[in-house]
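Geometric and topological summary
One letter stands for each residue in the lines below.
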Amino acid sequence: MTSSTTEVLGTAAQVAKLFGTGLQISSMYESAGARLYHGITRYENAEIEEFLSTAQSGEGKSVLELACGTGRITVPFLQAGYEVVGLDFSPSMLELLAQRLKEDDAKEYEDRLTVVHGDMTDFSLGRTFDLILLGASAVWNVGAGGRAGLFNSVREHLAEGGRFLLTLIEFPGMAEDSPAFETQITFAAQDGDPQALVTFFDYVDPGAQLRSTNILAQAVVDGSVVGAEIYTALTHLVAPSALEREIEAAGLRVLGRHEVTSGYQILKSSARPVTVQLLEVTR
Ligand SMILES: C[S@@+](CC[C@H](N)C(=O)[O-])C[C@H]1O[C@@H](n2cnc3c(N)ncnc32)[C@H](O)[C@@H]1O
């Protein structure tokens with residue numbers, strides 16, 4: 001619990017205290033955390049329909065997907081006929097993406113995917129794209145300095161008339177002095193090895209402009225809990241209006257905003273009203 005990437009806030013921090021040294025805290029996007037993330041989101045359809053329909057409303061078939069992870073959005077784009085370059089900085093997530101591309105519904109499209117291990121806040125691929133995608137509100141994964149680098153890199157990689165599509169969570173009515181809140185959901189992950197009792201603790205602190213998303217996995221063997229781990233991601237809240245100002249400061253232009261209705265399970269259960277927008281941006 002020393003580095004900021006594994007800083008845990010909210011109830012998950014109390015759980016960590018309760019278990020003490022018996023509980024390990026690690027990143028949601030590395031090693032076992034990545035495998036758990038992939039297991040949970042493998043069949044999650046949130047945002048896919050909206051990304052595809054917005055992409056298909058314009059021209060072009062070349063796609064750069066930033067923070068592509070294990071391919072939740074990548075694979076539907078390959079299936080829809082796009083050529084995709086997927087960029088992510090987690091080797092574990094990219095390894096799982098490579099495995100995902102061996103599965104029956106994806107393997108015939110494998111040659112249309114190029115995977116790049118890189119940082120979305122500073123990349124240089126030496127070419128441009130018709131579409132650049134950033135899903136799962138992963139723009140929150142980077143702080144203000146990182147976002148400036150991200151938007152500059154995006155601008156340099158957009159083809160003439162190309163579009164940058166990104167999703168963004170908003171908690172309407174939330175102000176900086178609003179109290180912190182948390183959403184929890186628990187389910188039995190019966191397909192895992194070992195099976196686990198999984199609890200999501202999704203903590204949002206408007207004052208600190210931080211979101212701490214935590215997955216507590218309690219491994220169950222022969223009816224007993226045999227171990228517990230927390231997989232965590234710390235992200236940075238930014239309101240749509242502030243984000244749009246940053247986008248414009250980077251020499252980009254917001255073309256449109258689309259409501260995303262295919263929400264993630266954790267957001268459908270949110271303790272506060274929540275909306276997700278898909279922003280359509282161009283040079
Ligand atoms: C919430 S996951 C989204 C993955 C995938 N797009 C999806 O919808 O399931 C966030 C992803 O962002 C990646 N990521 C976070 N910061 C990054 C950065 N600076 N550069 C590249 N990837 C990053 C993580 O490794 C992780 O795969």
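Quick notes on the environment of G118
- Following the sequence through the fold, G118 ends up in the loop between strand 4 (113–117) and strand 5 (129–134).
- G118 sits in the buried class, given a relative accessible area of 17%.
- C-alpha separation for the pair G118 and A148, spaced 30 residues apart in sequence, amounts to 16 Å.
- Once residues lying within four places of it in the same chain are set aside, the contact partners of G118 are L87, D88 and F89.

Thoughts on the nonpolar core
- Grouped together as the largest cluster of nonpolar side chains are 76 residues, with contacts concentrated most on L66 and F77.
- Residue contributions to this core peak at 6 residues, all from strand 6 (residues 158–170).
- If we skip the residues at most four places from it in the chain, F77 touches F51, L52, A55, V63, Y82, V84 and L133.
- The next biggest cluster of nonpolar side chains, apart from the first, holds 10 residues, and it includes V15, F201, L216 and I230.

What to know about the packing of aromatic side chains
- All chains considered together, the criterion is met by 6 aromatic pairs.
- Where Y29 meets Y37, the ring centres are 5.6 Å apart and the plane angle is 75°; that geometry is what we call edge-to-face.
- Classification of Y37 as buried rests on a relative accessible area of 17%.
- Note on F77 and Y82: the rings are 5.0 Å apart at their centroids and 50° apart in plane angle, and the pair reads as tilted. Residue F77 shares its accessibility class with Y82, and that shared class is buried.

What counts, and at which threshold
- Here the residue numbering is sequential within each chain, running from 1 through the sequence in written order.
- Only residues with pLDDT of 70 or above have their local features reported here, since the model is predicted, and side-chain atom pairs are shown and tallied only from 80 upward, although totals for entire chains, interfaces and linings are computed over all residues.
- Hydrogens are left out, water is left out, and the side-chain values use all remaining heavy atoms of the structure.
- Secondary structure follows DSSP: runs of H or I at least 4 residues long count as helices, runs of E at least 2 residues long count as strands, and numbering of each begins at the N terminus.
- Per-residue accessibility, obtained with a 1.4 Å probe over protein chains only, is compared with the maximum for each type, and a residue is labelled buried under 20%, exposed over 50%, and partly exposed between these values.
- Note on contacts: a residue pair qualifies if any of its non-hydrogen atoms lie within 4.5 Å across the two residues.
- Side-chain atoms within 4.5 Å link the members of a nonpolar core, which is a set of buried Ala, Val, Leu, Ile, Met, Phe, Trp, Tyr and Cys residues.
- Between rings of Phe, Tyr and Trp, where Trp is taken as its six-membered ring, a pair exists when centres lie within 6.5 Å; planes separated by under 30 degrees are stacked, by over 60 edge-to-face, and by other angles tilted.

Purely geometric numbers; function is a separate question.
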